[in-house]
Structures are given as structure tokens and as C-alpha cells.
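Here is what each chain is made of, one letter per residue.
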Amino acid sequence: MAGSYEEGAPVEPSGKRQQFGSRFLSDPARVFHHNAWDNVEWSEEQAAAAEKKVRENSTQRVCQEKQVDYEINAHKYWNNFYKIHENGFFKDRHWLFTEFPELTPSPNQNHLMDMHTENKRSEVTGCRRSEDEPCLTVEQHKCSSNSLRHKTQTLTVEENVTQKLGHLEICADEFPGSSATYRILEVGCGVGNTVFPILQTNNDPGLFVYCCDFSSTAVELVQTNSAYDPSRCFAFVHDLCDEDQSYPIPRHSLDVIILIFVLSAVVPEKMQKALNRLSQLLKPGGMMLLRDYGRYDMAQLRFKKGQCLSENFYVRGDGTRVYFFTQGGNT
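Anyway, here's the lowdown on the structure attached to this text.

Conventions used here
Residues numbered from 1 in each chain as written. Predicted model: local features only at pLDDT ≥ 70, side-chain atom pairs only at ≥ 80, totals over all residues. Heavy atoms only, no water. Helix = DSSP H or I, 4+ residues; strand = E, 2+ residues; numbered from the N terminus. Buried < 20%, exposed > 50% of the residue type's maximum accessible area, 1.4 Å probe, protein only. Contact = heavy atoms within 4.5 Å. Areas by Shrake-Rupley, 256 points an atom, 1.4 Å probe, with all protein chains shown as cover. Salt bridge = Lys/Arg side-chain N within 4 Å of Asp/Glu carboxyl O. Pairing = 2+ DSSP bridges. Axes fitted to C-alpha atoms, helices over the stretch in contact; angles between N-to-C directions. Expected span 1.5 Å × (residues − 1). Right-handed = clockwise from strand over helix to strand, strands pointing away. Parallel < 35°, antiparallel > 145°, perpendicular 65-115°, else oblique. Nonpolar A, V, L, I, M, F, W, Y, C, P; charged D, E, K, R; others polar. Phe/Tyr/Trp six-rings, centres within 6.5 Å; stacked < 30°, edge-to-face > 60°.

## Here we look at the overall build of the protein
Here comes step 1: When you go through the protein residue by residue, the secondary structure sums to eleven helices and eight strands.
Here comes step 2: Counting across all 331 residues of the protein, residues that qualify as buried make up 43%.
Here comes step 3: For the protein, contacts bridging at least 24 residues in sequence account for 71% of all contacts bridging at least 6.
Here comes step 4: For the protein, the computed accessible surface area is about 18,300 Å², with 51% contributed by carbon and sulfur atoms.

Shown next, in the form of C-alpha cells:
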């Protein structure tokens, strides 16, 4: 459904986006400068109109047979979405580092990266005579044909690893990114609009980013992206609602888990269990960062009768689903 895949807000004239919690409207002429303000409340009339619209588009529910189809074949609908749009639908989420400063490297990380880069240059210089040395991977990226072959081989290895790790208990010292000191997992990565900005912005040599999606088409698009670096990132297919499927990461190993416009695509009854399983992957003191659709978003108000699955849960015209949350409330 057009307009129901929201992604962000305009930037300030200075080029820096204001973080939520600091967006205060003082000039009514600037009301449309952001899509949300911290100090603006709806009038009673506006709230009543939104509630009426939701009541109207929720009166006719999707039949149970179709609801079962949307659940069982959810991955197929998302595969079709990415086959049609590939990586041209969503824009890279550069607002990430304003809303979630935890994803931004600290100054000492940049200093460490400079030292790491110098060390790598020395390693490459000393290894150029041997074509079998791993450090020559740096040279491979300079040639598109070599790079393509390298990535094709990597995909085969990663697919095998994903299959093998899917139903095994992961050893604490034998998993992708096991040597990293800071680990991030994005669930529902799509085509990498979050992952690649993180990798490009955070140059911490100890960083490793995992990303998964239950659309195999989306994961393939991530893996074949020229910015995909298997030494810093591991993309794999995963259904966060599948209780029998393991993550290729041991418990208590992640610093950050990211879910952006992801939980809303899950049946409300399965959300809490999915979050509980994810929380077991976090280190003590780790954090889970979420951003999603809010109740009475214009995307919700635009739905027509016959697209409602359950209270505040809808299906778009392409078969993908979306739930609209209240802040701090239960689903």
C-alpha cells in the first residue's frame, strides 16, 4: 500500500537531524519541517477523527483462510517484495546515529582504526609476493571480476555455515565474529539500509555486525552488495518467530540488537516470545534498539476496509503485514 512504509524525517538546514526529545515547535510555520514534534498534542477533534477512521477500516476483517496464508507464506510475500524493488525502495538510514548514538564510534575507536589501518598496510606490503596469503584480499577488491569471484565463493561458505549452525549449539569460541570486541545484530535487515551505514560510519576494528532476514532474496542482495565485507559482517536467513531455529551466535555475546520496522510485521501474539529469545543473546548491560510504527500513523489511517487482520494489525496490498504500536503500551 502506497505510503505505508515510513522511514524518517527531514534534516535540519545545518545538515544535522534533531533527535527525538529535542524537537520543539516554536514557529507554527515550521509545523511540517518534521513528521513528529515532542511538544505538539492533537486536539480532541483530531484524536476523535483518527479513532473514527481506524474504527471504520477495522470493521471488516480479513477472512481466517487468508490470514493463515499471510502467516504461513509471509517469507514468500517479502521475497516477492524484494524481487520487485531490490535495493531501490528504502533509503539508507543515516538518521540512525542521531536517534541511536550508541551505534556511533567513540573517538578512541577511530584512533584504534588508524593504528589498525597502518598495521594492515604493513602486512599487505610484506605479503604481496604470495597470491595465497589472506591479506591479499585487499588487492582483490580493486578488480571487479576478482571481487565478484571472491564474493561468490564466500556466499557458498556462508550458506553452508548458516545451514550447519541453524540446529546446533554454538561453541563460545567458534562462530563468525568470535574475535570481535563489539558485536551488533540487526534483525530484519532487508537489503542492508541499516547495516551498511553502520559499517561505513563505525570504523572500530573490533566491530562485527550480524544481520538476518527471513527473506532469502533480501539476504542475497546484502551478500552481493559491493559494500559487504565478510571480515566485518555476517548475513544469514533467519525467522525470528521460529522457536526451533537457533541463531549462529552464542548466548550473552551481543552488545546491541537492532529491530527497525521489523516487530510490526510479526503477529502480535508472537512478539514477546521473539524478544525474549533475542534478549538471551545480549551481554549483561547490552541493549535492544527498536523503532517502529505508531498508533494512528497516517499509514494506518489510509488503510481501506477489508485489510484489517486484527486490532491495529493490517495487511498491505502486496501481502506484507504491519502493526501499529502505542509507546509503552501492550500490543
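Resuming the write-up.
## Quick word on the pattern of salt bridges
Close approach of charged atoms allows side chains with opposite charge to pair.
Here comes step 1: Going through the model one piece at a time under the given rule, you end up with five salt bridges.
Here comes step 2: Between Lys273 and Glu243 there is a salt bridge; the shortest N-O distance is 3.9 Å. Residue Lys273 is found in helix H10 (residues 268–279), and its partner Glu243 is found in the loop between strand E3 (233–237) and strand E4 (254–260); the two are separated by 30 residues along the sequence.
Here comes step 3: When its relative accessible area of 49% is taken as the criterion, Lys273 is described as partly exposed.
Here comes step 4: A salt bridge links Lys283 to Asp255; the shortest N-O distance between them is 3.1 Å. Taken together, the positions of Lys283 in strand E5 (residues 282–291) and Asp255 in strand E4 put the pair 28 residues apart, joining distant regions of the chain.
Here comes step 5: A single salt-bridge network, built from bridges that share partners, covers Glu71, Lys270 and Arg321.

## A short note on the sheet that holds strand E1 (residues 182–187)
Here comes step 1: Across the sheet, five strands lie side by side as E3-E2-E1-E4-E5; this open sheet has parallel pairing. Edge strands, defined here as strands with exactly one partner in the open sheet, are E3 and E5. With strand direction ignored, the average angle separating the axes of adjacent strands in the sheet is 15°.
Here comes step 2: In the packing of helix H9 (residues 216–223) onto the sheet, contacts are made with strand E2 (207–213) and E3, and the angle to E3 comes to roughly 160°.
Here comes step 3: Across the sheet, H10 touches E1, E4 and E5, and the angle it forms with E5 is around 140°.

## Quick word on the environment of Ala47
Here comes step 1: Along the polypeptide, Ala47 turns up in helix H1 (residues 44–58).
Here comes step 2: A residue is classified by how much of its surface remains accessible, and Ala47, at 24% relative accessible area, is partly exposed.
Here comes step 3: Residues Ala47 and Tyr296, spaced 249 residues apart in sequence, show a C-alpha to C-alpha distance of 8.7 Å.

## Here's the deal with helix H3 (residues 74–85)
The periodicity of an α-helix, 3.6 residues per turn, causes residues three or four places apart in sequence to face the same way.
Here comes step 1: Taking 1.5 Å of rise per residue, twelve residues should cover 16 Å, and H3 covers 17 Å from first to last C-alpha, within 8% of that figure.
Here comes step 2: Those residues of H3 not exposed but buried are Ala74, Tyr77, Trp78, Asn79, Phe81 and Tyr82.
Here comes step 3: Where H3 is buried, its residues contact helix H2 (64–72), E2, H9 and strand E8 (321–323).

## Details of the pairing of E5
Here comes step 1: Summarising the sheet, E4 and E5 pair through six bridges and their orientation is parallel. Looking at E5, one finds that Ile257 is bridged to Met288.
Here comes step 2: Between E4 and its parallel partner E5, the chain crosses via H10, and the hand of that crossover is right-handed.

## Overview of the packing of H2 against H3
When two helices pack together, their arrangement is captured by the angle between the axes and the distance separating the axes.
Here comes step 1: Orientation of H2 relative to H3, taken along the N-to-C sense of each, is 65°, at an axis distance of 4 Å. The angle between H2 and H3 falls in the class roughly perpendicular. Counting all contacts with H2, which are made through Lys66, Asp69, Tyr70, Glu71 and Ile72, the residues of H3 involved are Ala74, His75 and Tyr77.
Here comes step 2: Per-class residue counts for the contact of H2 with H3 are four nonpolar, one polar and three charged.

## Brief notes about the sheet that holds strand E6 (residues 308–310)
Here comes step 1: The strand order across the open sheet built from three strands is E6-E7-E8, with neighbouring strands paired in antiparallel fashion. On the outer flanks of this sheet lie E6 and E8, each paired with one strand and no other. With direction set aside, neighbouring strand axes in the sheet form an average angle of 30°.

## Digging into the pairing of E4
Here comes step 1: In terms of burial, E4 is a largely internal element, seven of the seven residues being buried.
Here comes step 2: As judged from the four bridges shared by E1 and E4, these two strands associate in the parallel manner. What sits directly across from Ile184, in E4, is Val256.

## Looking at the packing of aromatic side chains
Here comes step 1: Tallied over the full model, the rule gives 14 aromatic pairs.
Here comes step 2: On the numbers, 5.9 Å between centres and 75° between planes, the contact of Tyr314 with Phe324 is edge-to-face. With Tyr314 in strand E7 (residues 313–315) and Phe324 in the segment after E8, this pair connects stretches of sequence that are ten residues apart. The residues Tyr314 and Phe324 share a single accessibility class, namely buried.
Here comes step 3: In textbook terms, an aromatic cluster arises when at least three aromatic residues are bridged by ring pairs, as seen for Phe261, Tyr293, Phe303, Tyr314 and Phe324.

## Thoughts on the packing of H3 against H9
Here comes step 1: Two elements in contact, H3 and H9, have axes whose closest approach is 7 Å; the angle formed by their N-to-C orientations is 40°. What the angle tells us is that H3 and H9 run oblique. Taking contact as the criterion, the partners of Asn79, Tyr82 and Lys83 in H3 are, on H9, Ser216, Thr217, Ala218 and Leu221.
Here comes step 2: For the contact of H3 with H9, the residue count by class is three nonpolar, three polar and one charged.

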